[in-house]
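Per-entry structural report
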Amino acid sequence: MTNGAVAVYESGVIAKPELDVTDVVAHVKNIQGVMSTVMHKGEHYGIIPGTQKPTLLQPGAQKLCLTFRLDPQDEVIQSTETDDLIAFTVRTTLYHIASGQRIASGVGSCNSREKRYIRRDKDGSIQRAWDLHNTILKMASKRALVAAVLRGTAASDIFTQ
């Protein structure tokens, strides 16, 4: 980087008004290099039937945060906590560790009425929503993290959510 532009490219994030073609190419190659050498199918990303691109999973999002030195900060922006429904909407904002610069944010939500969380106990009754409170919160957080990382690293051409 020249011409006095403030840059933190060494960590993968450019802090200048715009990127040139060389910057973008290097950034994409960095993501592809991490994917091919560090990430593993089924752990960091997966293939969901019917989709064209690999789906970025939480461990993969965390690897990209490490690569680009991003600090994810979560905020619950909406919650419903009743006897029969637990629901959270979480916003994850990514900050560049070295500079403190805000990079991107993503939103994720989850609720106890999603098919995957409707379970029956041994006696046939539906599991109480409160039994899933922490699981629902963590899933909303995971979804928000992946959304923020895809947005903040411009990796949507490589991964989907």
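Residues numbered from 1 in each chain as written. Predicted model: local features only at pLDDT ≥ 70, side-chain atom pairs only at ≥ 80, totals over all residues. Heavy atoms only, no water.

Overview of the nonpolar core
Judged by nonpolar contacts, the single largest core of 20 residues is most densely connected at I31, M39, L56, L64, L94, V149 and F159. Elements supplying a minimum of two residues to this core: helix 1 (21-37), helix 2 (58-68) and helix 3 (133-153). No other element matches the five residues that helix 3 contributes to this core. Once residues within four sequence positions are removed from consideration, M39 is found in contact with V34, H44, Y45, L56, G60, K63, L64 and F159. Formed by 11 residues, the second largest nonpolar core is a distinct cluster that contains I86, F88, I136 and A144. (Core = buried A, V, L, I, M, F, W, Y, C linked by side-chain atoms within 4.5 Å. Buried < 20%, exposed > 50% of the residue type's maximum accessible area, 1.4 Å probe, protein only. Helix = DSSP H or I, 4+ residues; strand = E, 2+ residues; numbered from the N terminus. Contact = heavy atoms within 4.5 Å.)

Describing the pattern of salt bridges
One pass over the structure, following the stated rule, counts three salt bridges. With a shortest N-O distance of 3.2 Å, R91 and E75 are connected by a salt bridge. With R91 in strand 4 (residues 86-96) and E75 in strand 3 (residues 70-81), the pair connects residues that are 16 residues apart, well separated along the chain. Accessibility expressed as a relative area gives 44% for E75, which makes it partly exposed. For R113, the salt bridge is made with D84, and the minimal N-O distance between the two is 3.2 Å. Linking R113 in the loop between strand 5 (102-111) and helix 3 with D84 in the loop between strand 3 and strand 4, this pair joins segments that are 29 residues apart in sequence. Using a relative accessible area of 52% as the deciding quantity, one classes D84 as exposed. (Salt bridge = Lys/Arg side-chain N within 4 Å of Asp/Glu carboxyl O.)

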